[in-house]
Amino acid sequence: MPKPHSHNAGTSSRPLPVTLAPHTDELLSSWISRHAEFYAVPPLEMLRHCLPEASSLHAADRSLNGDHVIRLAGVFSTEPATVRRMTLSNIVQSSRRLLAGQPLQSCPACHPAKDEARPVRRGQLLGWRFTCPLCGGLLRHTDRHDRPSPFGRYHGAALIGERLLDDEAERGVRTWTSPAEIARLLLMRRVPRPIPRGYEPWRFRVLGAIIPDLDDAIERRSLPTPAHPILPLPLRPALLAGVAMVERSGPEMLKMLRRHMMGQNQVRFSSAIDEIATHPCRSMASSQLQLI
Ligand SMILES: [Zn+2]
């Protein structure tokens with residue numbers, strides 16, 4: 001019986017006569033675009049030479065199935081595993097909203113100067129990272145100069161939080177809950193008590209109850225939204241440290257944090273932590289192990 005999605009071998013594209021070696025951690029769309037430049041065709045045409053049904057390079061980075069991977073590997077004369085590693089198709093659903101649509105950060109040591117468009121590295125799209133996946137150095141924004149992070153003293157905890165989010169996103173590893181879900185809950189609004197003069201409701205996040213310097217560091221233009229939940233790099237260590245602290249303290253800490261909320265927000269927060277309590281993760285890695 002023929003497989004439903006198998007393509008006709010007669011229509012598959014032949015391997016390209018010349019292929020370019022991928023750079024370390026290069027994103028698939030970047031690699032395809034470099035080939036497009038070499039063969040003087042538009043990047044999407046290059047992709048459709050291999051996958052006629054492809055809608056965009058952006059989509060190819062995020063959702064390639066096994067058949068696509070094999071066909072691309074055939075045209076570019078490489079291993080399917082090499083192609084798969086260049087994509088974000090392994091990123092678990094709960095972490096996908098933390099993927100940037102375009103490169104937003106780079107490593108001064110590993111990435112090209114900002115006037116060079118390529119190669120684009122996969123790590124430039126990972127909105128939970130504040131360190132470079134290749135060398136461990138601090139990332140910086142590609143389009144602007146950052147002030148130094150005011151959360152330097154949380155560096156150690158932030159590294160732990162980064163690893164928790166990375167393990168979940170890249171490898172589907174969770175502890176007693178999803179670290180990406182903890183991050184989401186920590187960015188919900190809280191109500192400070194007593195209510196300060198000139199109260200600005202957008203400024204106060206649950207995270208500020210565990211990292212008090214956050215309230216003053218938050219700027220309106222830097223706030224994450226549901227559409228763009230990725231924090232600017234100087235603020236990211238605070239969120240990552242918060243994730244590490246909640247993960248280590250366990251569900252009781254979330255219950256304690258619920259007291260900082262009011263109204264509909266408190267109801268939403270409560271139902272989220274009830275959900276966590278009723279559906280604990282099966283892979284119960286000890287949080288203590290994460291600290292070694
Ligand atoms: Zn680096």
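Presented here is a report on the structure given in the accompanying data block. Just so it is clear, the model here is predicted, and its values are computed rather than measured.

Notes on the overall build of the chain
And then number 1: From N to C terminus, the chain includes 12 helices and 2 strands.
And then number 2: Along the chain, from the amino end to the carboxyl end, the secondary structure elements read α-α-α-α-α-β-β-α-α-α-α-α-α-α.
And then number 3: Taken across its 292 residues, the chain has 47% of its residues classed as buried.
And then number 4: In the chain, once contacts between residues fewer than 6 apart in sequence are set aside, the share between residues at least 24 apart is 65%.

Topic: the packing of helix α10 (residues 251–258) against helix α11 (residues 263–278)
And then number 1: One can describe the packing of α10 onto α11 by two numbers: an axis separation of 10 Å at closest approach and a directional angle of 170°. It follows from the interaxial angle that α10 and α11 lie roughly antiparallel. Judged by the sense of rotation from one axis to the other, the crossing of α10 with α11 is left-handed. Residues Leu254, Lys255, Leu257 and Arg258 of α10 form the contact with α11, whose own contacting residues are Gln266, Phe269, Ser270, Ile273, Asp274 and Ile276.

Quick look at the packing of aromatic side chains
And then number 1: Evaluated as defined, the whole model comprises 4 aromatic pairs.
And then number 2: On the numbers, 4.6 Å between centres and 40° between planes, the contact of tryptophan 31 with phenylalanine 76 is tilted. One end of the pair, tryptophan 31, is in helix α1 (residues 28–39); the other, phenylalanine 76, is in the loop between α4 (66–75) and α5 (80–85), with 45 residues separating them in the sequence.
And then number 3: Given a relative accessible area of 2%, tryptophan 31 falls into the buried group.
And then number 4: Measuring from centroid to centroid gives 4.9 Å for phenylalanine 38 and tyrosine 39, while their planes differ by 80°, and the two rings are edge-to-face.
And then number 5: A residue is classified by how much of its surface remains accessible, and phenylalanine 38, at 45% relative accessible area, is partly exposed.

A short note on the coordination of the zinc ion
And then number 1: With distances of 2.2 to 2.4 Å, the protein atoms coordinating the zinc ion are Cys107 (SG), Cys110 (SG), Cys132 (SG) and Cys135 (SG).
And then number 2: Coordination geometry of the zinc ion: the 4 donor atoms subtend angles of 100 to 114° at the metal centre, consistent with an arrangement described as tetrahedral.
And then number 3: Donor residues for the zinc ion, ordered by position in the chain, follow C-x2-C-x21-C-x2-C. Of the two residues, cysteine 110 sits in the loop between β1 (105–106) and β2 (140–141) while cysteine 132 sits in the loop between β1 and β2, which places them 22 residues apart along the sequence.
And then number 4: Look at cysteine 110 and you get partly exposed, because its relative accessible area is 22%.

Observations regarding α11
And then number 1: Over its 16 residues, α11 runs 23 Å from end to end, which matches the ideal 22 Å to within 8%, given 1.5 Å per residue.
And then number 2: Considered for burial, the residues of α11 that qualify are Asn265, Phe269, Ser270, Ala272, Ile273 and Ile276. The arc that holds every buried residue of α11, seen down its axis, measures 165°, which confines them to one face. In α11, the exposed positions angled more than 90 degrees off the buried face are occupied by Gln264 and Thr278.
And then number 3: Packing partners of the buried residues in α11 comprise α7 (179–186) and α10.

Structural notes on α4
Because an α-helix packs 3.6 residues into every turn, residues spaced three or four apart end up facing the same way.
And then number 1: Of the residues making up α4, those classed as buried are His68, Val69, Arg71, Leu72, Ala73 and Val75.
And then number 2: Those residues of α4 hidden inside the fold are in contact with α1, α2 (43–50) and α5.
And then number 3: Regarding α4, its N-cap is asparagine 65, as a side-chain oxygen of that residue lies 3.0 Å from the backbone nitrogen of aspartate 67 further along.
And then number 4: Backbone geometry just downstream of α4 places serine 77 in the positive-phi region, at approximately 50°.

Things to note about the nonpolar core
And then number 1: Counting residues in hydrophobic clusters, the biggest one holds 36 residues, and the most contacted among them are Leu186, Val246, Leu254 and Phe269.
And then number 2: Top contributing element to this core by residue count: helix α9 (residues 236–249), with 6 residues.
And then number 3: Sequence-distant contacts of leucine 254, that is, excluding residues within four places in its chain, are made with Trp176, Leu185, Val246, Phe269, Ile273 and Ile276.

A look at the pattern of salt bridges
And then number 1: According to the stated counting rule, one finds 16 salt bridges in the structure shown.
And then number 2: With a closest N to O distance of 3.2 Å, aspartate 166 and arginine 129 form a salt bridge. Highlighted residues: aspartate 166 in helix α6 (residues 155–171) and arginine 129 in the loop between β1 and β2, separated in sequence by 37 residues.
And then number 3: Glutamate 252 is the salt-bridge partner of lysine 255, the closest N and O atoms lying 3.5 Å from each other. Highlighted residues: lysine 255 and glutamate 252, both in helix α10, separated by 3 residues, approximately one helical turn.
And then number 4: The class of lysine 255 is partly exposed, set by a relative accessible area of 38%.
And then number 5: For glutamate 252, a relative accessible area of 54% corresponds to the exposed category.

The rules we used
- Residues numbered from 1 in each chain as written.
- Predicted model: local features only at pLDDT ≥ 70, side-chain atom pairs only at ≥ 80, totals over all residues.
- Heavy atoms only, no water.
- Helix = DSSP H or I, 4+ residues; strand = E, 2+ residues; numbered from the N terminus.
- Buried < 20%, exposed > 50% of the residue type's maximum accessible area, 1.4 Å probe, protein only.
- Contact = heavy atoms within 4.5 Å.
- Axes fitted to C-alpha atoms, helices over the stretch in contact; angles between N-to-C directions.
- Parallel < 35°, antiparallel > 145°, perpendicular 65-115°, else oblique.
- Left-handed = near helix turned anticlockwise from the far one by under 90°.
- Phe/Tyr/Trp six-rings, centres within 6.5 Å; stacked < 30°, edge-to-face > 60°.
- Donors = N, O, S within 2.8 Å, 3.2 Å for Na, K, Ca; no water.
- Tetrahedral: all angles 85-135°; square planar, octahedral: opposite > 155°, others 65-115°.
- Expected span 1.5 Å × (residues − 1).
- Arc of directions from axis to C-beta.
- Polar contact = N/O pair within 3.5 Å; in protein donor to acceptor, adjacent residues only side chain to side chain.
- Core = buried A, V, L, I, M, F, W, Y, C linked by side-chain atoms within 4.5 Å.
- Salt bridge = Lys/Arg side-chain N within 4 Å of Asp/Glu carboxyl O.

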